[in-house]
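The residues making up each chain are set out below.
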Amino acid sequence: MTERDIYDILILGAGPTGLFGAFYAGMREMRTKVIEALPQPGGQLAVLYPEKYIYDVAGLPRILAKDLVKNLVEQCEQWHPTFCYEEKAHQLERGEDGVLTVTTDKQAHYARAVVICGGIGAFRPNRLKNESVERYEGRGVYYFVQDKRPFFKKRLLIIGGGDSAVDWALNLKDYASHVTLIHRREGFRAHASSVTELMQSSVDVRLWHELREIHGNDHITGATIFDNRTGEETYLEVDYVLLNLGFKADLGPIKSWGLELDGRYIIVNGRHETNIPGVYAAGDICKQEDAEPLNLIAVGFGQAAIAVNHVYSYLTGGRVFPGHSSEMRL
Ligand SMILES: Cc1cc2nc3c(=O)[nH]c(=O)nc-3n(C[C@H](O)[C@H](O)[C@H](O)COP(=O)(O)OP(=O)(O)OC[C@H]3O[C@@H](n4cnc5c(N)ncnc54)[C@H](O)[C@@H]3O)c2cc1C
């Protein structure tokens, strides 16, 4: 058998909770590995709302979600954790020696403790089944905005009726040269004040409309939309199509790891331990039995600190209290 490279702590998920957990693990001098299914850190912040301001992170009156992710990465990288991106964890097993093995679609990872920070699970966007959409996916058709620069002074068609569609239409209306938003119904599933702002804005809103086909050659040049009440078609000149049709999140394989669950939540105690020795959970993925979960970044930060400092004590028998970082020389 080849030598196993056993880390002290393996953090599953590089959302804000996992990133802050990696910082704390480094501060406690634990050898740390982070596994993330997506190609990038940041979890929901990076995928769902990178360009939105967050107002409820302590000490930061307002910060763009993508900038908070950048800061969290910089903060934890002081300790050089090992990051493994584009690896979705499928299996968790605890050996007789107490070593935990997390198997991803690529390889097996070993650690003496695991903190599951998987948020709402690995998520994927709801897709539109349309041959022309599939043809241009990643070449002009997007399901998420990770970088808004391609849309600068371009004609954009946004499809959807939820918060993401409305927010992106408002965010990009003065950045793109023209924004059209189509929605297949009359009512939006978005914040009422955002809908009011949208209806008074320069965004060309077309209700009861759906996409028929995207046109172009090596890039998109236009799209045909239709009124789903009359069937009447309209051709729009557009350069990009953004589909905001919601997303599905699924705990997926995590459900079969023998963890005590309540719906989509992993049950933890006050130390953020799960029912499996050496396995902890923090952030949006967990709840305490007698408490209502509060799925917020600030809460995940606190839980990450609690979980990781208890891991330190579990592994070394040392004190849970980490000392004050202000008294350390980082
Ligand atoms: C539109 C929107 C706006 C929000 N605004 C705010 C706000 O203003 N303030 C606030 O406090 N909160 C806000 N939230 C909530 C906040 O984003 C979450 O509370 C926070 O992201 C939870 O962080 P997390 O790290 O626990 O989980 P996540 O951010 O969900 O990250 C979990 C990570 O784990 C990864 N993962 C999951 N399963 C696996 C697996 N099997 N293998 C490998 N990796 C896996 C995922 O890919 C993901 O990257 C908002 C949420 C949304 C959707």
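Thresholds applied
Residues numbered from 1 in each chain as written. Predicted model: local features only at pLDDT ≥ 70, side-chain atom pairs only at ≥ 80, totals over all residues. Heavy atoms only, no water. Domains from an automatic or database assignment. Contact = heavy atoms within 4.5 Å. Buried area = accessible area lost by both parts, 1.4 Å probe. Pairing = 2+ DSSP bridges. Helix = DSSP H or I, 4+ residues; strand = E, 2+ residues; numbered from the N terminus. Phe/Tyr/Trp six-rings, centres within 6.5 Å; stacked < 30°, edge-to-face > 60°. Buried < 20%, exposed > 50% of the residue type's maximum accessible area, 1.4 Å probe, protein only. Near = heavy atom within 4 Å. Polar contact = N/O pair within 3.5 Å; in protein donor to acceptor, adjacent residues only side chain to side chain. Areas by Shrake-Rupley, 256 points an atom, 1.4 Å probe, with all protein chains shown as cover. Nonpolar A, V, L, I, M, F, W, Y, C, P; charged D, E, K, R; others polar. Expected span 1.5 Å × (residues − 1). Arc of directions from axis to C-beta. Core = buried A, V, L, I, M, F, W, Y, C linked by side-chain atoms within 4.5 Å. Axes fitted to C-alpha atoms, helices over the stretch in contact; angles between N-to-C directions.

Colleague: I'm lost on the domain arrangement of the chain in this one. Help?
Modeller: Note: interface size is frequently given as the accessible area lost on complex formation between the parts. With domains assigned, the chain is organised as domain 1 (6-123 + 248-327) and domain 2 (127-245). Summarising the inter-unit geometry, the C-alpha centres of domain 1 and domain 2 are found 35 Å apart. Contact residues are listed per partner, giving 7 residues for domain 1 and 7 residues for domain 2. Across the domain 1 to domain 2 interface the summed buried area is about 650 Å²; carbon plus sulfur atoms make up 50%.

Colleague: Help me understand the sheet that holds strand β22 (residues 286-288) in this model?
Modeller: Strand pairing in a sheet relies on backbone hydrogen bonds, with the paired strands running either antiparallel or parallel. Read from one edge of the open sheet, 3 strands run β19-β20-β22, paired in mixed fashion. What marks the edges here is a single partner per strand, and that holds for β19 (261-262) and β22. As paired elements, β19 and strand β20 (residues 265-268) share 2 bridges and run antiparallel to each other. In the sheet register, D262 faces β20, and the bridge partner there is Y265.

Colleague: So what exactly am I meant to see when it comes to the packing of aromatic side chains here?
Modeller: Aromatic ring pairs are described here by two measures, namely the spacing of the ring centres and the angle between the planes. Across all of its chains, the model carries 12 aromatic pairs by this definition. Ring geometry for F20 and F301: centres 5.2 Å apart, planes at 50 degrees, overall tilted. Placement of the pair is F20 in helix α1 (residues 16-27) and F301 in helix α7 (residues 297-316), with a sequence separation of 281 residues. Here the two residues F20 and F301 agree in accessibility, since each one is buried. Between Y53 and Y55, the aromatic rings sit 6.4 Å apart at their centres with planes inclined by 45 degrees, giving tilted as the arrangement.

Colleague: I would appreciate a short explanation of the site of the ligand in the present structure.
Modeller: The full set close to the ligand counts 29 residues, and E36, Q44, Y49, D56 and D284 are the nearest of them. Between A37 and the ligand, the recorded distance is 3.1 Å, taken from a backbone N or O atom to a nitrogen atom. Y49 is positioned with one of its side-chain polar atoms (N or O) 2.6 Å from an oxygen atom of the ligand. Bound to the protein, the ligand loses 88% of the 1000 Å² it would expose on its own. Secondary-structure elements contributing two or more residues to the shell around the ligand are α1 and α2 (43-47). Here the shell around the ligand is built from residues that sort into 14 nonpolar, 10 polar and 5 charged.

Colleague: Would you mind going over helix α3 (residues 65-77) with me for this structure?
Modeller: Residues spaced three or four apart along an α-helix point in a common direction, a consequence of the helix completing one turn every 3.6 residues. Counted at 1.5 Å a residue, the expected span for α3 with its 13 residues is 18 Å, and the 18 Å between its end C-alpha atoms agrees. Within α3, the full set of buried residues consists of A65, L68, V69, L72, V73 and C76. Down the axis of α3, the buried side of the element spans an arc of 135 degrees, and every buried residue falls inside it. In α3, the exposed positions that point more than 90 degrees away from the buried face belong to K70 and E74. Of the surrounding secondary structure, the elements contacted by the buried residues of α3 are α1, α2, β3 (53-54), β4 (63-64), β5 (82-84) and α7.

Colleague: I tried to follow the nonpolar core on my own but got confused; where do I start?
Modeller: Within soluble globular proteins, side chains that are nonpolar tend to cluster in buried spots. By size, the foremost hydrophobic cluster in this structure holds 36 residues, and its most contacted members are I9, L19, F20, I54, L68, V115 and V311. When contributions to this core are tallied by element, the ones reaching two or more residues are β1 (6-12), α1, α3, β8 (108-116) and α7. Counting residues per element, this core draws most heavily on α7, at 8 residues. Other than its neighbours up to four places away in sequence, L68 contacts L45, I54, V57, L60, I63 and I297. Core analysis: the next-biggest nonpolar cluster, separate from the first, contains 23 residues, C84, A111, I116 and I285 among them.

Colleague: Help me understand the pairing of strand β15 (residues 220-227) in this model?
Modeller: On a regular strand, one side chain projects to one face of the sheet and the next to the other, so that they alternate. Taken across its 8 residues, β15 has 7 buried, putting it largely inside the fold. Taken together, strand β14 (residues 209-216) and the strand that follows it, β15, pair antiparallel across an intervening segment of 3 residues. Alignment of β15 against strand β16 (residues 233-237), held across 5 bridges, turns out to be antiparallel. Pairing of F226 across the sheet is with E233, part of β16. In this antiparallel pair of consecutive strands, β15 and β16, the connection spans 5 residues, and G231 shows a positive phi of 85 degrees.

Colleague: Would you mind going over the side chain of T101 with me for this structure?
Modeller: Mapped onto the secondary structure, T101 falls in strand β7 (residues 100-104). Residues within four places of T101 in sequence aside, it is in contact with Q91, L92, E93, A108, H109 and Y110.

Colleague: What is the right way to look at the sheet that holds strand β17 (residues 240-243) in this model?
Modeller: Within the open sheet, the 5 strands sit side by side as β10-β17-β11-β12-β13. Their pairing is parallel. Each edge of the open sheet is held by one strand with a lone partner, namely β10 (141-142) and β13 (204-207). The sheet contact formed by β10 and β17 spans 2 bridges and is parallel. Directly across from V141, in β17, lies its bridge partner V241. Sheet strands in contact with helix α5 (residues 163-172) are β11 (155-159), β12 (178-183) and β17, and its direction is about 165 degrees off that of β11.

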